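# Working through the structure, step by step
Each chain, written out:
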Amino acid sequence: MKLKNNKFKKARGGYSRLLQISCRKCNSVICMYQKYGPGDLRRMYLDRIIDPQVLVARKDFTCQKDHLLGVKIIWEKENRPAFRLFVDSVNKKIVKFEDYEDIMLVKITEERLKTKEKLLTHKQVWGN
Ligand SMILES: [Zn+2]
């Protein structure tokens, strides 16, 4: 059973990239994002956002200079809060995970905890 589970996990989420997300209009850095699986970045799940430089508690997702990049949604398939990104609103730069591994693992853990708190706040505000 366990082996099967691991295999499934590997097939589904074994491939992840660390992306640095920045505003396409002004180039300001927004956050780091841990993306699983192939394909284009259309949504950013809140619990995969790392080291945000902007507010993620609001409905509007904007850069530091107030360019609107996307809006918050609840991704129905998984009932997870996410930002739906507008087309061509952000630049993505792949960061070598190895270079960041030590720092990022700590940060990811910290951010997950923080995001959990944010999600609780989010639930209170949005009633969902
Ligand atoms: Zn901007």
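Residues numbered from 1 in each chain as written. Predicted model: local features only at pLDDT ≥ 70, side-chain atom pairs only at ≥ 80, totals over all residues.

## Regarding the overall build of the chain
The secondary structure content of the chain amounts to two helices and eight strands. In the chain, the succession of helices and strands from N to C terminus is α-β-β-β-β-β-β-β-β-α. The proportion of buried residues among the 128 residues of the chain is 20%. (Helix = DSSP H or I, 4+ residues; strand = E, 2+ residues; numbered from the N terminus. Buried ≥ 20, exposed ≤ 12 C-beta atoms within 10 Å, placed from the backbone.)

## Some points on the sheet that holds strand 6 (residues 68–75)
Strands sit in the order 3-7-6-5 across an open sheet of four strands; the sheet is antiparallel. Lying at the two open borders of the sheet, with one neighbouring strand each, are strand 3 (43–45) and strand 5 (60–62). With strand direction ignored, the average angle separating the axes of adjacent strands in the sheet is 35 degrees. The pairing of strand 3 with strand 7 (residues 80–85) spans three bridges and is antiparallel. Counterpart to Arg-43 in the pairing with strand 7 is Arg-84. (Pairing = 2+ DSSP bridges. Axes fitted to C-alpha atoms, helices over the stretch in contact; angles between N-to-C directions.)

## Digging into the sheet that holds strand 1 (residues 16–23)
Pairing is antiparallel in the open sheet, where four strands are placed in the order 4-2-1-8. Since the sheet does not close on itself, it has two edges, and those belong to strand 4 (49–50) and strand 8 (90–95), each with one partner. The pairing of strand 1 with strand 8 spans six bridges and is classified as antiparallel. Paired with Leu-19 across the two strands is Ile-94, which belongs to strand 8.

## Re the nonpolar core
Ile-21, Ile-30, Cys-31, Met-32, Tyr-33 and Ile-49 are the most contacted members of the largest nonpolar core, which totals 18 residues. Sorting the residues of this core by element identifies strand 1, strand 2 (29–36), strand 4 and strand 7 as the ones contributing at least two each. Those residues in contact with Tyr-33, other than ones at most four positions away along the chain, are Leu-19, Ile-21, Met-44, Arg-48, Ile-49 and Ile-50. (Core = buried A, V, L, I, M, F, W, Y, C linked by C-beta atoms within 7 Å. Contact = placed C-beta atoms within 7 Å.)

## With respect to unusual backbone geometry
In the Ramachandran plot, Asn-27 falls in the positive-phi region, its phi being about 70 degrees despite a non-glycine side chain. Residue Asn-27 is classed as exposed on the basis of its 10 C-beta neighbours within 10 Å. Despite not being glycine, Asp-66 has its phi angle at roughly 75 degrees, a positive value.

## Some details on the pairing of strand 2
Sheet analysis places strand 1 next to strand 2, joined by seven bridges and oriented antiparallel. By the bridge assignment, Leu-18 is partnered in strand 2 with Gln-34. Where strand 1 hands over to strand 2, the hairpin turn is made up of five residues, of which Asn-27 adopts a positive phi near 70 degrees. Examined bridge by bridge, strand 2 and strand 4 share two bridges and lie antiparallel to one another. By the bridge assignment, Tyr-33 is partnered in strand 4 with Ile-49.

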